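Residues per chain are reported as follows:
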Amino acid sequence: MQNKELYIGPQEIIRKKREFLIPCVYHFYKEPMQIVRGEGQYLFDHQEKRYLDFYGGVSVLNAGHCHPEIVDKICEQVKTLQHTTTIYLTQPIVDLAEKLAQIAPGNLRKSFFCASGSEANEGALLLSQIFTGRHEFLSLYNGLHGRTKLTMSLTGLKFWRTDTNPVGGISFVPDAYCYRCVFNLKYPDCDIECAKQIEKVIETSTSGKIAAFIAEPIQGNGGIITPPDEYFKVVKEILDKYEILLITDEVQTGFGRTGKMFAIEHSGVEPDIMTFAKAISNGTPVGGFITSDKIAASYTRPGASTFGGNPVTSVAALATIDVINKYNLIDNAKTMGVYLEEKLKALQDKHTLIGDVRGKGLMLGAELVNNQGKEPAVQETDTILEYMKDKGVLIGKTGANRNVLAFQPSLIITENNIDELIDVLDGALCYVEKCKE
């Protein structure tokens, strides 16, 4: 236990945020806590109150907070060689690239490393332009791809499109949001019309010379929007017809979260370029993209990222992948995901506030709606998060209207953890329903 007198407390942190941070840096909760420690699936505040963390740093901590085997490898490397950059030869970067070539789908073999998911997507998009000699892009409604100029322009969520002058040459296509289908169709009778719309957009809204289509296999910030498994097969057929590359953004979905090492594997489709970040290193800043030998060969002019492939972050990533495999966390994500989904659907039967439950593995969402219809229950979502925080359980919120409860915990969770979550969530839903009476 640490000395509580060392902590300045939530209100002083908020005061300093207002004075020294740009206002775009926001936080959850009307009455937030100061987080000071993490261990496994738990976080602790400055009063030593324990919280069951079912958000995992937004799909970052797949191996849990401060996993000792990962921490030991990081500390060992920091004491030996903390940083050089890629102009000098170090071993961790090539060992990590080799490991990724072993676990990535299909012919994805050559990697480029950076420090964030935004950089990874930006780099992958650049590579697609270099390889194809084209400059236009396709993206999905409700997608989120980063905070750089281009990736923000490719983002299909108003909440995250803060750029006042987006990049041109980008066309958006409908996502596979079955709960709110823009065509008012029902799966599977819809014949995956949302995917087929891509060809119509290509023919009517573009030059026809498109570099790449970028998509998250499951749209995290969009509301855990989960397409049918055959969706990407239909998409890939259309893209191949027009010689358009497929970039899959696995920043939130990668490294075991959905019950596969990478979420695109559920579809049986091999992307041309795949991006990654977040969970690859369990909390240290690593991002990157991986592609085939053929596409990689086009990128020959100098490229670098000062911290990309840093010895410490590369060792952290290698240790994280080892832990995921050693402790069968992918299998646990699949098993616990099925259990959690069953429990959430049981709550859906009990509470009309839950309109839809969706996702794969331990990337699940529950969309909250009002009036036994589909009106987004925005205030109710905030109330539920606050209630659960007070009861010691942390979850996320996402979606275009911020009305989707997001469950993205560490992959080490147990049935007892899920039972605790469900018990508290049930209480939160009952509390909200009573408040509305």
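See above for the structure.
Everything in this summary refers to the structure shown in the same document.

Conventions adopted
- Position labels on residues start from 1 in each chain and follow its written sequence.
- Under the rules for a predicted model, residues below a pLDDT of 70 receive no local features and side-chain atom pairs below 80 are neither given nor counted, while totals for whole chains, interfaces and linings still include all residues.
- Side-chain measures were taken over the full set of non-hydrogen atoms in the model, leaving aside hydrogen atoms and water.
- Between the N-to-C directions of two axes lies an angle of 0 to 180 degrees, each axis being a line fitted to C-alpha atoms and, for a helix, fitted only over the stretch in contact.
- Strands are runs of DSSP state E lasting at least 2 residues, helices are runs of H or I lasting at least 4, and numbering of each runs from the N terminus.
- Small angles under 35 degrees read as roughly parallel and large ones over 145 as roughly antiparallel, with 65 to 115 read as roughly perpendicular and the rest as oblique.
- Crossing handedness is read from the near helix: turned anticlockwise from the far helix by less than a right angle, it gives a left-handed crossing, and turned clockwise, a right-handed one.
- Should any heavy atoms of two residues lie within 4.5 Å, those residues are counted as being in contact.
- Each residue's exposure class comes from its accessible area (1.4 Å probe, protein chains only) as a fraction of the maximum for that residue type: buried when under 20%, exposed when over 50%, partly exposed otherwise.
- At least two bridges found by DSSP between two strands are what make those strands a pair.
- Centres within 6.5 Å make a pair out of two Phe, Tyr or Trp rings, where for Trp the six-membered ring is used; the pair is then stacked when the planes are under 30 degrees apart, edge-to-face when over 60, and tilted otherwise.
- We count a charge as sitting over a ring when the NZ of a lysine or the CZ of an arginine lies within 6 Å of the ring centre and within 35 degrees of the ring normal.
- Within this scheme, the nonpolar core is defined by two criteria: the residues are buried Ala, Val, Leu, Ile, Met, Phe, Trp, Tyr or Cys, and they are joined through side-chain atoms within 4.5 Å.
- Should a side-chain nitrogen of Lys or Arg be within 4 Å of a carboxyl oxygen of Asp or Glu, the pair is scored as a salt bridge.

## Focus: the packing of helix H7 (residues 193–205) against helix H8 (residues 231–241)
- Their axes nearest at 8 Å, the elements H7 and H8 cross at an angle of 20 degrees. By the angle between their axes, H7 is roughly parallel relative to H8. When the axes of H7 and H8 are compared, the crossing they make is right-handed. Contact with H7, carried on its side by Cys194, Ala195, Lys196, Ile198, Glu199 and Ile202, involves Tyr231, Val234, Val235, Ile238, Leu239 and Lys241 of H8 and no other residues of that element.

## Details of the pairing of strand E16 (residues 404–407)
- The alternating pattern of E16 places Val404 and Ala406 on one face and Leu405 and Phe407 on the opposite face, and all of these are buried.
- Pairing between strand E12 (residues 363–370) and E16: 4 bridges, direction antiparallel. Paired with Gly365 across the two strands is Ala406, which belongs to E16.
- Bridge analysis of strand E15 (residues 396–398) against E16 gives 3 bridges, and the strand direction is antiparallel. Looking at the pairing, Gly396 lines up with Ala406 of E16.
- A loop of 5 residues connects E15 with E16, the two strands running antiparallel in sequence, and Gly399 in this loop sits at a positive phi of about 100 degrees.

## A word on the pairing of strand E7 (residues 210–215)
- Buried residues dominate E7, accounting for 6 of its 6 residues.
- In the sheet, strand E5 (residues 136–140) pairs with E7 via 3 bridges, with the strands oriented parallel. Residue pairing across strands places Leu138 opposite Phe213, the latter belonging to E7.

## Quick look at the sheet that holds strand E1 (residues 35–39)
- Across the sheet, which stays open at both edges, the 4 strands sit in the order E1-E2-E3-E14 with mixed pairing between neighbours. Both edges of this open sheet fall to E1 and strand E14 (393–394), since each of them pairs with a single strand only.
- With 3 bridges joining them, strand E2 (residues 42–45) and strand E3 (residues 50–53) adopt antiparallel strand pairing. When the bridges of E3 are listed, Phe44 appears paired with Arg50.

## Notes on the sheet that holds strand E4 (residues 110–114)
- Spatially, the 7 strands line up as an open sheet ordered E4-E10-E9-E8-E7-E5-E6, and their pairing is mixed. Edge positions in the open sheet fall to E4 and strand E6 (170–173), since each of these has one partner strand only. Looking at each pair of strands side by side, their axes are set apart by 20 degrees on average, direction ignored.
- Looking at chain direction, E5 and E6 are connected through 4 bridges and run parallel. Looking at the pairing, Leu138 lines up with Ser171 of E6.

## Observations regarding the packing of aromatic side chains
- In the structure shown here, the tally under the stated rule is 10 aromatic pairs.
- Relative to Phe262, the ring of Phe255 has its centre 5.1 Å away and its plane inclined at 70 degrees; by these criteria the two rings are edge-to-face. When sorted by exposure, Phe255 lands in the same class as Phe262, which is buried.
- For the cation-ring pair, Arg50 lies above Tyr42, with the distance from its terminal atom to the ring centre recorded as 4.0 Å.
- Lying over the aromatic face of Phe159, Arg402 brings its terminal NZ or CZ to 4.5 Å of the ring centre.

## Brief notes about the nonpolar core
- Residues Phe213, Tyr231, Phe255 and Phe407 are the most contacted members of the largest nonpolar core, which totals 100 residues.
- Each residue touching Phe213, except ones within four places of it in the same chain, is listed here: Leu138, Ser139, Leu140, Val173, Ile198, Tyr231, Val235, Leu239, Ile244, Leu245, Leu246 and Ile247.
- Core analysis: the second largest hydrophobic core is formed by 15 residues, Leu127, Phe137, Leu154 and Ala211 among them.

## Here's the deal with the pattern of salt bridges
- Following the criterion strictly, the structure yields 22 salt bridges and no others.
- For Lys236, the salt bridge identified is with Asp272, shortest N-O distance 3.8 Å. Here Lys236 is found in helix H8, whereas its partner Asp272 is found in the loop between strand E8 (245–249) and strand E9 (273–276), with 36 residues between them in sequence. Comparing Lys236 with Asp272, the two get one shared label, buried.
- The salt bridge involving Lys389 is made with Asp390; its shortest N-O contact spans 2.8 Å.
- Here the residues in one salt-bridge network are Arg180, Asp356, Arg358 and Glu367, joined through shared partners.

## Some points on unusual backbone geometry
- The omega torsion across Tyr187 and Pro188 is 5 degrees, close enough to zero to call that bond cis.
- Within the chain, Val58 stands out as a residue other than glycine whose phi angle is a positive 60 degrees.
- Looking at the element boundaries, Val58 is found in helix H2 (residues 56–59).
- The phi dihedral of Ile192 is positive, around 55 degrees, even though this residue is not glycine.
- The residue Ile192 is located in the loop between E6 and H7 in this model.
- The class for Ile192 is buried, based on a relative accessible area of 6%.

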